[in-house]
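Chain by chain, the residues run as shown.
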Amino acid sequence: MMTSNNITKKDLNRMAVNQGSLGMEFSWNYERQMHIAFVMMMNPILKKIYKDDHDGYVDALVRHVEFFNITPQLAPFVGGVVASMEEMKARGEVDGEAISSIKTALMGPLSGIGDSIFIGCIRIIALGIGLSFALNGNIIGPLLYFLIYNIPAFIVRFGGARLGYNLGFGYLNKMKESGMMDKVLLAAGILGIMVIGAMCKDMVYTEVALSIGSGDTAQSLQEILNGIMPGMIGLSVTWVYYWLLKKKVNPLVLILGTMILGIAGKAVGLF
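Residues numbered from 1 in each chain as written. Predicted model: local features only at pLDDT ≥ 70, side-chain atom pairs only at ≥ 80, totals over all residues. Heavy atoms only, no water.

Trainee: Could you give me a rundown of the nonpolar core, with the residues and numbers involved?
Mentor: Counting 35 residues, the largest nonpolar core has M24, F38, M42, I45 and F68 as the members making the most contacts within it. Among the elements that make up this core, the one with the highest residue count is helix α5 (residues 75-90) (8 residues). Counting residues in each nonpolar core, the second largest holds 5 residues, with F118, I122, Y149 and A153 among its members. (Core = buried A, V, L, I, M, F, W, Y, C linked by side-chain atoms within 4.5 Å. Buried < 20%, exposed > 50% of the residue type's maximum accessible area, 1.4 Å probe, protein only. Helix = DSSP H or I, 4+ residues; strand = E, 2+ residues; numbered from the N terminus.)

Right under this line is the structure:
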């Protein structure tokens, strides 16, 4: 049951299937991935929450164009949680940093669950059934694939938006009253740092080709660095990019610079 006089079930249902929600990967980019789609998904609700507070609305828009990436079907669940927290923010009960921390904490675990269910399970089942009909020339094959994959997806979208809102609204209030909110934010921050560290290790592909020594005794510098801390170079490169972005360096300049540095490094045998 909704506990707010502001956000309604209709608002949440619309959020679950609006352009931003259904277009989570349409505007995907390397810098912030699904951030534009997420803020489009949230925009109607943010307008309603901050209808009499222009500065609060602008602040919310800026807050939600931060990095975001998740299994698209589970984005409305995060949207529901965020909607409840934005209402609390409008009443002065939480700050913007708390909302960003909860968002960051939810991305990794929900993506792991969502990718396993939708990409690793439902899509494969739907594809197998659909292909078995399509290979025999039966037009029902593509239709079955579409239905088997999308019916669960839309159930999760609608149900997730409502569940996220109700859980967020009810439990976040209880946590705030009991003093658990600070502990959750600390845990969310730690989890967010762990997620960023894992992404640096697995998504930043930087290896040094230099070797120390000669002949059979030569040892790769990359192996030495991995022995100290696996992913050290990737983490270092990530922090350099983070520092440059804070200095307002254009992301396009960083992309072009990375390409030039990579080609030059390969040519001289550094990478």
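Trainee: With reference to specific residues and values, describe a nonpolar patch on the surface.
Mentor: Residues I125, I129, F133, I140, L143, F146, L147, I151 and I155 make up a contiguous nonpolar surface patch of roughly 790 Å² in combined accessible area. Sorting the residues of the nonpolar patch by element identifies α6 (96-134) and α7 (140-178) as the ones contributing at least two each. Here the nonpolar patch takes 6 residues from α7, the largest share from any one element. Residue placement: L147 occurs in helix α7. (Patch = residues over 30% accessible without salt bridge, like charges linked within 9 Å, V, L, I, M, F, W, Y side chains within 5 Å. Areas by Shrake-Rupley, 256 points an atom, 1.4 Å probe, with all protein chains shown as cover. Salt bridge = Lys/Arg side-chain N within 4 Å of Asp/Glu carboxyl O.)

Trainee: Residue-level account of α5, with values.
Mentor: Here α5 is 16 residues long and its end C-alpha atoms lie 22 Å apart, about the 22 Å a rise of 1.5 Å per residue gives. When you tally the buried positions in α5, you get 14 out of 16 residues, the bulk of the element. Two residues or fewer past α5, G92 is found with a positive phi of approximately 80°. (Expected span 1.5 Å × (residues − 1).)

Trainee: Quick rundown of the UniProt feature "transmembrane region" (unreviewed entry) in the protein? Include the residues and the values.
Mentor: The sites that carry the UniProt feature "transmembrane region" (unreviewed entry) are, in the present numbering, residues 117-137, 143-163, 184-204, 224-245 and 252-270. Spanning residues 143-163, this segment combines 100% helix with 0% strand, and its end C-alpha atoms are found 29 Å apart. (UniProt positions renumbered as here; feature names shortened; annotations may be inferred.)

Trainee: Give a detailed account of the packing of helix α3 (residues 35-49) against helix α4 (residues 54-63), specifying residues and quantitative values.
Mentor: When two helices pack together, you describe them by how their axes are tilted relative to each other and by the distance separating the axes. Two elements in contact, α3 and α4, have axes whose closest approach is 10 Å; the angle formed by their N-to-C orientations is 165°. As judged from the angle between their axes, α3 and α4 are roughly antiparallel. The two elements α3 and α4 meet at a crossing, and its hand is right-handed. Across from V39, N43, L46 and K47 in α3, the residues of α4 making contact are Y57, A60 and L61. (Axes fitted to C-alpha atoms, helices over the stretch in contact; angles between N-to-C directions. Parallel < 35°, antiparallel > 145°, perpendicular 65-115°, else oblique. Left-handed = near helix turned anticlockwise from the far one by under 90°. Contact = heavy atoms within 4.5 Å.)

Trainee: Could you give an account of the environment of V62, with specific residues and numbers?
Mentor: Tracing the chain through its elements places V62 in helix α4. Sequence-wise, V62 and V39 are 23 residues apart; in three dimensions their C-alpha atoms are separated by 8.8 Å.

Trainee: If you had to explain the side chain of E86 to someone new, which residues and values would you point to?
Mentor: Its location among the elements puts E86 in helix α5. Taking relative accessible area as the criterion, E86 reaches 0% and is therefore assigned buried.

Trainee: Can you lay out the packing of helix α10 (residues 232-246) against helix α11 (residues 251-267) for me, pointing to particular residues and giving the numbers?
Mentor: Across the interface, α10 lies against α11 with an axial gap of 10 Å and an inter-helix angle of 145°. Where α10 crosses over α11, the handedness of that crossing is right-handed. Two secondary-structure elements touch here, α10 through Y241, L244 and L245 and α11 through P251, L254 and T258.

Trainee: Can you tell me about the environment of E31, naming the residues and giving the values?
Mentor: Within the secondary structure, E31 sits in the loop between α2 (19-22) and α3. Overall, E31 belongs to the partly exposed group, its relative accessible area being 39%.

Trainee: Help me get a handle on the pattern of salt bridges, residues and values and all.
Mentor: Applying the stated rule across the entire model yields 5 salt bridges. Notably, a salt bridge pairs R63 with D59, separated by 2.8 Å at the nearest N-O pair. Here the residue R63 and the residue D59 both occupy positions in helix α4, the gap between them amounting to 4 residues, near one helical turn. For D59, a relative accessible area of 35% translates into the label partly exposed. When salt bridges that share partners are traced, they join D59, R63, E86 and K89 into one network.

Trainee: Requested: an account of the packing of aromatic side chains, with residues and values cited.
Mentor: Within the structure shown, the criterion is met by 4 aromatic pairs. Judged by centre distance (4.4 Å) and plane angle (40°), the rings of F38 and F68 are tilted. Note that F38 is positioned in helix α3 and F68 in the loop between α4 and α5, a separation of 30 residues in sequence. With relative accessibility at 0%, the residue F38 sits in the buried group. You can call F68 buried: its relative accessible area is 0%. For the ring pair W239 and Y242, a centre distance of 5.3 Å and an interplane angle of 90° mean the geometry is edge-to-face. Taken together, the positions of W239 and Y242, both in helix α10 and 3 residues apart, correspond to about one turn of that helix. (Phe/Tyr/Trp six-rings, centres within 6.5 Å; stacked < 30°, edge-to-face > 60°.)

Trainee: Outline the environment of L270, supporting the account with residue identities and numerical values.
Mentor: Within the element layout of this structure, L270 appears in the segment after α11. Separated by 60 residues in the primary sequence, L270 and L210 place their C-alpha atoms 6.0 Å from one another. Those residues in contact with L270, other than ones at most four positions away along the chain, are E207, V208, A209, L210 and G265.

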